[in-house]
Amino acid sequence: HHVPQVYLRNFASADDTIAVWDKKSKKVFSTGVNAVGAERDFYTLDKLDDPYLWEHMYSTGIEPLMSKVIPSVISRVNILLQNGTTVISATEKAQLALIMVIQMLRGKQCREYERKIYQNELPNIVEQARQILGEFTEQEKELVKAFSEDEFYFKRSAMDAALNQERITRYAKVLCTRAFVLFYLCGKFEFLTSDSPVMFFNIKTGDSTPFAHGLLRLDTYVCYPLSPKLLLCAVHPSSTFYALIKSDCRLIKLNSDSDNLDLAEAMNRMQASQSYRQTYAKSEDTLRRFILK
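This structure is a prediction, so every number in the text was calculated from the model and none was measured. (Residues numbered from 1 in each chain as written. Predicted model: local features only at pLDDT ≥ 70, side-chain atom pairs only at ≥ 80, totals over all residues. Heavy atoms only, no water.)

Some remarks on the overall build of the chain
- What the chain contains, in helices and strands, is 10 helices and nine strands.
- Computed over C-alpha atoms, the radius of gyration of the chain comes to 21 Å, within 12% of the 19 Å expected from 2.2 N^0.38 for 293 residues, which places it in the range of a compact globule.
- In terms of overall dimensions, the chain has C-alpha extents of about 70 × 40 × 35 Å along its principal axes.
- Looking at the chain residue by residue over its 293 residues, the buried ones come to 45%.
- Accessible area of the chain: about 14900 Å², with a carbon and sulfur share of 52%.
- Considering the chain, the positive charge centre built from 37 side chains and the negative charge centre built from 35 side chains are found 7 Å apart. (Helix = DSSP H or I, 4+ residues; strand = E, 2+ residues; numbered from the N terminus. Rg over C-alpha atoms; globule rule 2.2 N^0.38 Å. Buried < 20%, exposed > 50% of the residue type's maximum accessible area, 1.4 Å probe, protein only. Areas by Shrake-Rupley, 256 points an atom, 1.4 Å probe, with all protein chains shown as cover. Lys, Arg positive; Asp, Glu negative; His and termini not counted. Charge placed at Lys NZ, Arg CZ, Asp CG, Glu CD.)

Here you go:
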């Protein structure tokens, strides 16, 4: 699973099924949580002593944290809480930032982005090596060929990038400098999520193209749906929006039966637009209402 089941179950029905809109087939259907956000051998590296090392790092490291922190936050947010109530602690904020960064680095969108970089840069690296070392031997030529044709070498480089502790820590610390605002939806309306749930977008243009918006920019917002009713949004503390709300780690309630839902609807449109292939909801009706709009 490149989107963990412990996360997806927050959007599942009582029978552990989740509603799916598939971009490619243009169909809405329901299926088991274990059947979505997954790809066979996505993290498998056959040439390692432990082919499942990458997968084990997630299953024993970040996923137990996700299964503890996210449900805890969801459980304490309800309709009776007042606007402006602090709902996550400083420790939880740091944990959520870590979860978001790792999810971003482990997903399909990031894998494809890394693949493009790998394919573009490998010829340059090979040429630089040739200039330094001279003409390759036959054995070295075979190795160069393997780097360009054998999926293992690309996946190994992707694993090293995804599990780089210094990189993860740096990104999480930058994300933590932002204000974390929790939007809670009262009423019938629901937030969607996707196979690329951590969404970066430009608040001025509404563009949510993956990897097009830098984390340091004031107009870049980062959103992560925690449940059908709860959306975490990280905003720059110097942004106009934060100046209006001043609500780091606090709750903002939206009544979907009476309030203007432009914000919630925009979040859902962008979430679906920037997904890799699939958008998820608790019910098929929610997805169909969204598609028909």
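Moving on from the coordinates now.
Some remarks on the pattern of salt bridges
- Per the stated rule, a full pass over the model turns up 15 salt bridges.
- Between Arg-9 and Asp-16 there is a salt bridge, with its nearest N and O atoms 3.3 Å apart.
- The class for Arg-9 is partly exposed, based on a relative accessible area of 40%.
- Looking at Asp-16, the relative accessible area reads 31%, which means it is partly exposed. (Salt bridge = Lys/Arg side-chain N within 4 Å of Asp/Glu carboxyl O.)

Details of the packing of helix H2 (residues 53-76) against helix H3 (residues 90-106)
- At their nearest, the axes of H2 and H3 sit 10 Å apart, and the two run at 125° to each other. Taken together, the axis directions place H2 and H3 in an arrangement best described as oblique. The way H2 lies across H3 gives a crossing that is left-handed. Two secondary-structure elements touch here, H2 through Tyr-58, Ile-62, Glu-63, Leu-65, Met-66, Val-69, Ile-70, Ser-72, Val-73 and Arg-76 and H3 through Glu-92, Gln-95, Leu-96, Leu-98, Ile-99, Ile-102 and Arg-106.
- Among the residues forming the contact of H2 with H3, the class breakdown is 11 nonpolar, two polar and four charged. (Axes fitted to C-alpha atoms, helices over the stretch in contact; angles between N-to-C directions. Parallel < 35°, antiparallel > 145°, perpendicular 65-115°, else oblique. Left-handed = near helix turned anticlockwise from the far one by under 90°. Contact = heavy atoms within 4.5 Å. Nonpolar A, V, L, I, M, F, W, Y, C, P; charged D, E, K, R; others polar.)

Describing the sheet that holds strand S9 (residues 278-281)
- Read from one edge to the other, the open sheet built from four strands follows the order S2-S1-S9-S4, with strand pairing classed as antiparallel. A single partner strand is all that each edge strand has here, and the edge strands are strand S2 (27-32) and strand S4 (193-194).
- Where strand S1 (residues 17-22) and S2 come together, six bridges link them in antiparallel fashion. If you follow Ala-19 over to S2, its bridge partner there is Ser-30.
- The strands touched by helix H10 (residues 284-292) within the sheet are S1, S2 and S9, with S2 carrying the most contacts at an inclination of about 155°. (Pairing = 2+ DSSP bridges.)

Here we look at H10
- Residues of H10 that are buried: Thr-286, Leu-287 and Phe-290. Axial view of H10: buried residues confined to an arc of 95°, hence all on one face. (Arc of directions from axis to C-beta.)

Concerning the nonpolar core
- By size, the foremost hydrophobic cluster in this structure holds 61 residues, and its most contacted members are Leu-175, Phe-180, Leu-182 and Tyr-224.
- Element by element, the count of residues in this core is highest for H3, at eight residues.
- When near neighbours in sequence (up to four residues on either side) are disregarded, Leu-182 contacts Val-73, Val-87, Ile-88, Leu-226, Leu-230, Leu-231, Leu-232, Arg-250, Leu-251 and Ile-252.
- Grouped together as the second largest cluster of nonpolar side chains are 20 residues, Met-199, Tyr-221, Ile-252 and Leu-254 included. (Core = buried A, V, L, I, M, F, W, Y, C linked by side-chain atoms within 4.5 Å.)

Topic: the environment of Ile-117
- Take Ile-117: it is sitting in helix H4 (residues 108-133).
- According to the relative accessible area criterion, Ile-117 is partly exposed, its value standing at 41%.
- In the structure, Ile-117 is positioned 56 residues away from Gly-61 in sequence and 27 Å away in space, judged by C-alpha atoms.

What to know about the side chain of His-236
- Within the fold, His-236 resides in the loop between strand S7 (230-235) and helix H8 (240-245).
- Other than its neighbours up to four places away in sequence, His-236 contacts Arg-178, Leu-216, Arg-217, Leu-218 and Tyr-242.

Brief notes about helix H6 (residues 151-162)
- Compared with the 16 Å implied by 1.5 Å per residue over 12 residues, the 16 Å span of H6 between its first and last C-alpha is a close match.
- Three or more residues of H6 are buried, namely Phe-152, Phe-154, Lys-155, Ala-158, Met-159 and Ala-162. Down the axis of H6, the buried side of the element spans an arc of 160°, and every buried residue falls inside it.
- Lining the buried residues of H6 we find H2, H3, H4 and helix H7 (165-176).
- Put simply, Asp-150 is the residue that caps the front of H6, since its side-chain oxygen is 2.9 Å from the backbone nitrogen of Phe-152. (Expected span 1.5 Å × (residues − 1). Polar contact = N/O pair within 3.5 Å; in protein donor to acceptor, adjacent residues only side chain to side chain.)

What about the packing of aromatic side chains?
- In total, this model carries 10 aromatic pairs according to the counting rule given.
- Seen from their ring centres, Tyr-7 and Phe-11 are 5.5 Å apart, and the 55° between their planes marks the pair as tilted.
- Residues Tyr-113 and Phe-211 carry aromatic rings whose centres are separated by 4.5 Å and whose planes lie at 10° to one another, so their mutual orientation is stacked. With Tyr-113 in helix H4 and Phe-211 in the loop between strand S5 (199-202) and strand S6 (220-227), this residue pair connects regions lying 98 residues apart in the sequence.
- These aromatic residues form a ring-pair network of at least three members: Phe-42, Tyr-43, Trp-54 and Tyr-58.
- When the ring centre of Tyr-58 is taken as origin, the NZ or CZ atom of Arg-106, which lies over that ring, is 4.1 Å away. (Phe/Tyr/Trp six-rings, centres within 6.5 Å; stacked < 30°, edge-to-face > 60°. Lys NZ or Arg CZ within 6 Å of the ring centre and 35° of its normal.)

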